[in-house]
Amino acid sequence: MNPRMMIKRQALSTVWEKRVARTAVLFSALFLMVFLLFSLVLARTGIPLWVLIPLSALAALLVHAFLTRKIRRRKAILARPFPPEWETVLQSEVVFFRALEPEDRQRFRRELQLFLGEKRITGIKLRLDTRTRVLVAASAIIPIFGFPEWEWDQISEVLVYPDRFDDEYAFDGDRRHTLGMVGTGAMNRMMILSRPDLLNGFRDSRDKRNVGFHEFAHLVDKSDGSVDGIPSVGLQRDAIGPWIELVRRKMNEIERGKSDIDAYGLTSEAEFFAVASEYFFERPGILERKHPELYAMLSQVFNQNLSARAAAMAREMQRRPRRLGRNSPCPCGSGLKYKKCCLDR
């Protein structure tokens, strides 16, 4: 591996990693004390301490290894070169990614590697391709990109369906109107996405519709325990009242035909939030111009002010997607040309 790339990856320490490491040390020390006290009791039965003390230390080490296994797994994931085919999908399909500064693009790649390395993405009656997997992960990363330490604990698996589906999860028949959903009950920590609608969401970045953004916005909303359209993750307590009032007014505008926000937002406050989130991430400049108060509140919710990036996103929509050539900068962030770094890996 290129030394410069190794240095960059080794620097990717997170608050989460430090918290896990501290917890592991604390519990290991606690278990060691318990094991030592138990050893003193056993020593009275004749078992020598020179046997019991090393066994206690070994048990504490095993506890520490168990509690830090996710850290080691993440380091192993990030030690792999970033696949060029993933980069091709990002450059050709994800306007949000192309509009980022180089340093932010590198963080986006890191988050993409972690999501694809830790979450299951399963095709139902279809063969998953690289494009679909990368776009599912991009859908997850974009809404929480303003929270570098975000952990997607609310989800473990994404099911990708070959088409829209009905209330019985069937994707044949004439009652297939559902593009995606966040699972509940037996399907808790799962999500379903219609593959054609997922791909269309990224193919057309101007229509303010993206089912991936929509469903992961529901999960952001759910981070406080309920999908109710009040995403307290990014709102201070004193902002919740104004948010509820704003949503009521905006839903009323939709009902009166005085809004360009998708009418599906009238379904409920939770659906309004998800629909508005699609608008926010696809056309932030237009949202800020037409709905400045809503834009400002969503900027707080997602901890992202997309005003400066809106112009770059608009330019990227007009520009032909970049292709990853032999002389392009390597997507791993090493600073070398692609042909001299990860091309042959």
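Look up a bit, the structure's there.
Colleague: Hey, could you run me through the pattern of salt bridges in this one?
Modeller: When the charged atoms of two side chains lie near each other, side chains of opposite charge can form a pair. Evaluated as defined, the whole model comprises 17 salt bridges. The shortest N-O distance in the salt bridge between Glu17 and Lys75 comes to 3.6 Å. A residue pair is termed long-range when its members are at least 10 positions apart, and Glu17 in helix H2 (residues 15–43) and Lys75 in helix H4 (residues 69–78) qualify at 58 residues. Of the residues examined, Glu17 reaches a relative accessible area of 17% and is grouped as buried. Its salt-bridge partner being Lys208, residue Asp260 comes within 3.4 Å of it at the nearest N-O pair. One end of the pair, Asp260, is in the loop between helix H11 (237–255) and helix H12 (269–282); the other, Lys208, is in the loop between helix H9 (195–203) and helix H10 (211–222), and 52 residues separate them in sequence. Judged by relative accessible area, Lys208 falls into the partly exposed class, the value being 21%. Several salt bridges converge on common partners, so that one network encompasses Glu245, Arg248, Arg249 and Glu293.

Colleague: What should I look at first to understand unusual backbone geometry in this one?
Modeller: Glycine aside, a negative phi is what most residues show, and trans is what most peptide bonds show. Unlike most non-glycine residues, Lys125 shows phi in positive territory, near 60°. Here the phi dihedral of Tyr169 falls at roughly 65°; this positive angle occurs in a residue that is not glycine. Along the chain, Tyr169 falls in the loop between strand S2 (157–161) and strand S3 (180–182).

Colleague: Is there a simple way to think about the sheet that holds S3 in this case?
Modeller: Note: strands within a sheet are paired through backbone hydrogen bonds, in either parallel or antiparallel orientation. Reading across the sheet, the four strands line up as S1-S2-S4-S3 and stay open at both edges, with mixed pairing between neighbours. Looking at strand neighbours, the two that pair on one side only are strand S1 (120–123) and S3, the edges of this open sheet. Strand-to-strand twist of the sheet, defined as the mean angle between neighbouring strand axes without regard to direction, takes the value 15°. In this structure, S2 lies alongside strand S4 (residues 190–194), joined through five bridges in parallel fashion. Considered in S4, the bridge of Glu157 is made with Met190.

Colleague: Explanation requested: the packing of H11 against H12 in the structure shown.
Modeller: H12 packs onto H11 with a crossing angle of 80° between their chain directions and a minimal axis gap of 11 Å. By the criterion of interaxial angle, the relationship of H11 to H12 is roughly perpendicular. Side by side, H11 and H12 meet where Trp243, Val247, Lys250, Met251 and Ile254 of the first sit next to Glu269, Phe272 and Phe273 of the second. The residue inventory of the contact of H11 with H12, partitioned by class, reads six nonpolar, no polar and two charged.

Colleague: What is the right way to look at the pairing of S4 in this model?
Modeller: The two faces of a sheet get side chains in turn, since along a regular strand they alternate between them. A large share of S4 lies buried, amounting to five of its five residues. Residues Met190, Ile192 and Ser194 line one face of S4 and the alternating positions Met191 and Leu193 line the opposite face, and both faces are buried. Here three bridges tie S3 to S4, and the two strands are oriented antiparallel to one another. If you follow Gly180 over to S4, its bridge partner there is Leu193.

Colleague: Help me understand the environment of Ile47, please; the structure alone is not making it clear to me.
Modeller: Secondary-structure assignment places Ile47 in the loop between H2 and helix H3 (49–67). In this structure, Ile47 is in contact with Leu42 and Leu52, ignoring residues within four places of it in sequence.

Colleague: What's the story with a nonpolar patch on the surface in this structure? I'm lost.
Modeller: A grouping of Leu26, Phe27, Leu30, Phe31, Met33, Val34, Phe66 and Leu67 is seen on the molecular surface, where their side chains present a nonpolar patch of about 750 Å² in accessible area. Only H2 and H3 provide two or more residues apiece to the nonpolar patch. Residue contributions to the nonpolar patch peak at six residues, all from H2. Note that Met33 resides in helix H2.

The rules behind these values
- Residues numbered from 1 in each chain as written.
- Predicted model: local features only at pLDDT ≥ 70, side-chain atom pairs only at ≥ 80, totals over all residues.
- Heavy atoms only, no water.
- Salt bridge = Lys/Arg side-chain N within 4 Å of Asp/Glu carboxyl O.
- Helix = DSSP H or I, 4+ residues; strand = E, 2+ residues; numbered from the N terminus.
- Buried < 20%, exposed > 50% of the residue type's maximum accessible area, 1.4 Å probe, protein only.
- Pairing = 2+ DSSP bridges.
- Axes fitted to C-alpha atoms, helices over the stretch in contact; angles between N-to-C directions.
- Parallel < 35°, antiparallel > 145°, perpendicular 65-115°, else oblique.
- Contact = heavy atoms within 4.5 Å.
- Nonpolar A, V, L, I, M, F, W, Y, C, P; charged D, E, K, R; others polar.
- Patch = residues over 30% accessible without salt bridge, like charges linked within 9 Å, V, L, I, M, F, W, Y side chains within 5 Å.
- Areas by Shrake-Rupley, 256 points an atom, 1.4 Å probe, with all protein chains shown as cover.

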